[in-house]
Amino acid sequence: GSGEHGVAARPFGQLSQDWGRAGGAGRWGGALGAYRKGLGIAEELAARDPANAEWQRDLIVSFVKLSEVTGEGDYVVKALHIAFAMQERGTLAPRDAWLVGELRRRAGLESV
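All of these numbers come straight from a predicted model, not from anything done at the bench. (Residues numbered from 1 in each chain as written. Predicted model: local features only at pLDDT ≥ 70, side-chain atom pairs only at ≥ 80, totals over all residues. Heavy atoms only, no water.)

Quick look at the packing of helix 4 (residues 73-89) against helix 5 (residues 98-106) now. When two helices pack together, you describe them by how their axes are tilted relative to each other and by the distance separating the axes. Here helix 4 crosses helix 5 at 150°, and the two axes come no closer than 9 Å. Taken as axis vectors, helix 4 and helix 5 run roughly antiparallel relative to one another. Like other packed secondary-structure pairs, helix 4 and helix 5 cross with a definite hand, here left-handed. Residues Val76, Ala79, Leu80, Ala83, Phe84 and Gln87 of helix 4 lie in contact with helix 5, whose contacting residues are Val100, Leu103, Arg104 and Arg106. For the contact of helix 4 with helix 5, the residue count by class is seven nonpolar, one polar and two charged. (Axes fitted to C-alpha atoms, helices over the stretch in contact; angles between N-to-C directions. Helix = DSSP H or I, 4+ residues; strand = E, 2+ residues; numbered from the N terminus. Parallel < 35°, antiparallel > 145°, perpendicular 65-115°, else oblique. Left-handed = near helix turned anticlockwise from the far one by under 90°. Contact = heavy atoms within 4.5 Å. Nonpolar A, V, L, I, M, F, W, Y, C, P; charged D, E, K, R; others polar.)

Let us now look at the pattern of salt bridges. Applying the stated criterion across every chain yields a total of six salt bridges. A salt bridge links Arg57 to Asp96, with the nearest nitrogen and oxygen atoms 2.7 Å apart. One end of the pair, Arg57, is in helix 3 (residues 53-70); the other, Asp96, is in the loop between helix 4 and helix 5, with 39 residues separating them in the sequence. Arg105 is the partner of Glu102 in a salt bridge, and the nearest nitrogen-oxygen pair spans 2.6 Å. With Glu102 and Arg105 both in helix 5 and three residues apart, this pair spans about one turn of that helix. On the accessibility criterion, Arg105 (44% relative accessible area) is partly exposed. One salt-bridge network, in which partners are shared between bridges, spans Glu68, Glu102, Arg105 and Arg106. (Salt bridge = Lys/Arg side-chain N within 4 Å of Asp/Glu carboxyl O. Buried < 20%, exposed > 50% of the residue type's maximum accessible area, 1.4 Å probe, protein only.)

Given below as structure tokens:
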């Protein structure tokens, strides 16, 4: 195609940083809109290439950001499912091993 939404033209990490800056610069309403748009991009990329660990991780981060802004636990549960799947496939980077425990804690699935 023609680089739908400009996604193919830029690395996802850069898009994520751009959306993070856009959201962080405004009020929570602005952040929420930016995070939702970032989530849409992350979901699209992760669906295109499920084996791409970086894009899966970016999707986890998008879900966590939305959870923090909205207070909705469903986003944490979605992030946890992705992290578990990555861990089972062996694609969760060693530097991200802490994510599973943290997401379990945030989802209320682990005793404190």
